[in-house]
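# Understanding the architecture of this molecule
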Amino acid sequence: MSAANGDRVARVVVADDQAVVREGIVMLLGLLPGIEVVGSARDGEEAVALTAELAPDVVLMDLRMPRCDGVEATRRIRDRHPGTEVVVLTTYADDDSLFPALRAGARGYLTKDAGGEEIGRAVRDVIDGRAGLSPSVQRRLLDRLIDREDRDDRDDRDDRDGRAGLVDQDGRAGRDDRDREGRDDRNDQEGSSDRGGREGRGGREGRGGRFGRIGPEGGTGAGAVNGGGPGEAPGAGGLVGPGADGLTERETEVLALVADGLSNSEIAGRLRISTATVKTHINNLFAKTGVRDRAQAVRYAYQHGLVRAPGRRVT
């Protein structure tokens, strides 16, 4: 069927739970050229059923209805009958009403203070592939877009400030770690010297006196001291060493523990540092290596030889 001006007549279903409002909209649309009301529904369930039966071009959809509200009805219609467009016609223009309806598939959104001409224009717009939005809704969408861009800009600035703060914090954390490591190394050396002296005296006395012969089995070689086998470097099977992509020794150590599957709190307990310091090291090593998550960090560690393959590590 065609209108007097040659355009195809738009076939419309009206859905509203209030009888007076629904009949008023049907009467108003009947006065507009180029629009034919083919059915009316009292709720979302009826709107979906009439769409399946009549295949209208457009459904004018209220939002607050019993049984099935306008958002859910819009979603079902757009999923099952993509040839039918939905224009929301409602009293509400708040964000909690507007954005769920648009996400459900509505291509038009008008408030019930719209006149007949505006409703007719929205119906024609959505049929032609354009958005049928009232001026107030367009302004709200524009404000939402600007607010989102402002938030993104603030987040970017916060990220840059946070990275700068992490670098400074890492410098302090690195100095604290080096001081603590220095104390630990001195304690380890003193403990090793005491144990070495006692073991050396005991071994010599057990083999014939203080100046008895010490053979290869005496356990005084570098391999015995360092806990490795003959010719094996200290700590073989663990870290190869820092320096890849500018990683510090502590960052390399943290990366190895990440590769072992330890959580941040477990790494903190292992290294005797705070969880915040662990997070700082992880953020820095992520930035230096270009990885985005722990899985990529593990792959990086094995690809760059920072840890040995599973089954060869010495713990």
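This text follows the structure it describes.
Residues numbered from 1 in each chain as written. Predicted model: local features only at pLDDT ≥ 70, side-chain atom pairs only at ≥ 80, totals over all residues. Heavy atoms only, no water.

### Quick notes on the overall build of the protein chain
A count of helices and strands for the protein chain gives eleven helices and six strands. With 315 residues in all, the protein chain has 36% of them scored as buried. Of the accessible surface of the protein chain, which amounts to about 18400 Å², a share of 47% is contributed by carbon and sulfur atoms. (Helix = DSSP H or I, 4+ residues; strand = E, 2+ residues; numbered from the N terminus. Buried < 20%, exposed > 50% of the residue type's maximum accessible area, 1.4 Å probe, protein only. Areas by Shrake-Rupley, 256 points an atom, 1.4 Å probe, with all protein chains shown as cover.)

### Describing the nonpolar core
Within the largest apolar cluster, 24 residues are counted, with the highest numbers of intra-cluster contacts made by Ala15, Met61, Leu63, Ile77, Val88, Ala101 and Tyr109. Top element by residues in this core is helix H4 (residues 95-104). It accounts for four residues. Val258, Val278, Ala297 and Leu306 belong to the second-largest nonpolar core, a separate cluster that totals 20 residues. (Core = buried A, V, L, I, M, F, W, Y, C linked by side-chain atoms within 4.5 Å.)

### Points about the environment of Asp293
If you trace the backbone, Asp293 turns up in the loop between helix H10 (275-289) and helix H11 (294-303). Residue classification places Asp293 among the partly exposed positions, given a relative accessible area of 34%. Here the alpha-carbon distance between Asp293 and Asn283, two residues ten residues apart in the chain, equals 9.9 Å. Only 3.3 Å separates the side chain of Asp293 from the backbone nitrogen of Ala295, close enough to count as a polar contact. (Polar contact = N/O pair within 3.5 Å; in protein donor to acceptor, adjacent residues only side chain to side chain.)

### Topic: the packing of aromatic side chains
Given two aromatic rings, their pairing is described by the distance between the two centres and the angle made by the two planes. Throughout the structure, instances matching the rule amount to zero aromatic pairs. Directly above the aromatic system of Tyr92 lies the positively charged group of Arg64, at a separation of 3.8 Å from the ring centroid. (Phe/Tyr/Trp six-rings, centres within 6.5 Å; stacked < 30°, edge-to-face > 60°. Lys NZ or Arg CZ within 6 Å of the ring centre and 35° of its normal.)

### Examining the pairing of strand S1 (residues 10-15)
Burial within S1 is extensive, with five of its six residues counted as buried. Where S1 and strand S2 (residues 35-41) come together, six bridges link them in parallel fashion. Looking across to S2, one finds that Arg11 is bridged to Glu36. Following the chain from S1 across helix H1 (residues 19-30) to the adjacent parallel S2, one finds a crossover that is right-handed. (Pairing = 2+ DSSP bridges. Right-handed = clockwise from strand over helix to strand, strands pointing away.)

### Details of the pattern of salt bridges
Within the structure shown, the criterion is met by 15 salt bridges. Where Arg140 meets Asp95, a salt bridge forms, and the shortest distance between an N and an O atom there is 3.1 Å. With Arg140 in helix H6 (residues 135-206) and Asp95 in helix H4, the pair connects residues that are 45 residues apart, well separated along the chain. It is possible to trace a salt-bridge network through shared partners that takes in Glu45, Glu72, Arg75 and Arg76. (Salt bridge = Lys/Arg side-chain N within 4 Å of Asp/Glu carboxyl O.)

### Looking at the pairing of strand S4 (residues 85-90)
Among the six residues of S4, six are classified as buried, and the element is accordingly described as predominantly covered. Taking every second residue as pointing to the same face, both faces of S4 are buried, with Glu85, Val87 and Leu89 on one and Val86, Val88 and Thr90 on the other. Looking at chain direction, strand S3 (residues 58-61) and S4 are connected through four bridges and run parallel. Across the sheet, residue Met61 finds its bridge partner in S4, namely Val88. In this view, the connection linking S3 to its parallel neighbour S4 by way of helix H3 (residues 70-80) has right-handed handedness. In this structure, S4 lies alongside strand S5 (residues 108-111), joined through four bridges in parallel fashion. The residue of S5 that forms the bridge with Val88 is Tyr109.

### Some words on the sheet that holds S1
Strand order in the open sheet formed by six strands is S2-S1-S3-S4-S5-S6, and the pairing between neighbours is parallel. Looking along the sheet, the strands with just one partner apiece sit at the ends: S2 and strand S6 (132-133). With respect to the sheet, H3 is in contact with S3 and S4, its orientation differing from that of S3 by roughly 170 degrees. (Contact = heavy atoms within 4.5 Å. Axes fitted to C-alpha atoms, helices over the stretch in contact; angles between N-to-C directions.)

### A short note on unusual backbone geometry
With phi around 50 degrees, Ala55 is a residue other than glycine that occupies positive phi space. Checked against the element boundaries, Ala55 lands in the loop between helix H2 (44-54) and S3. With a phi angle near 60 degrees, Arg272 is a residue other than glycine that sits in the positive phi range. Mapped onto the fold, Arg272 is located in the loop between helix H9 (264-271) and H10.

### Observations regarding the environment of Tyr300
Among the secondary structure elements, Tyr300 is positioned in helix H11. Classification of Tyr300 as buried rests on a relative accessible area of 6%. Between the C-alpha atom of Tyr300 and that of Gly290, which follows or precedes it by ten residues, the distance is 9.5 Å.

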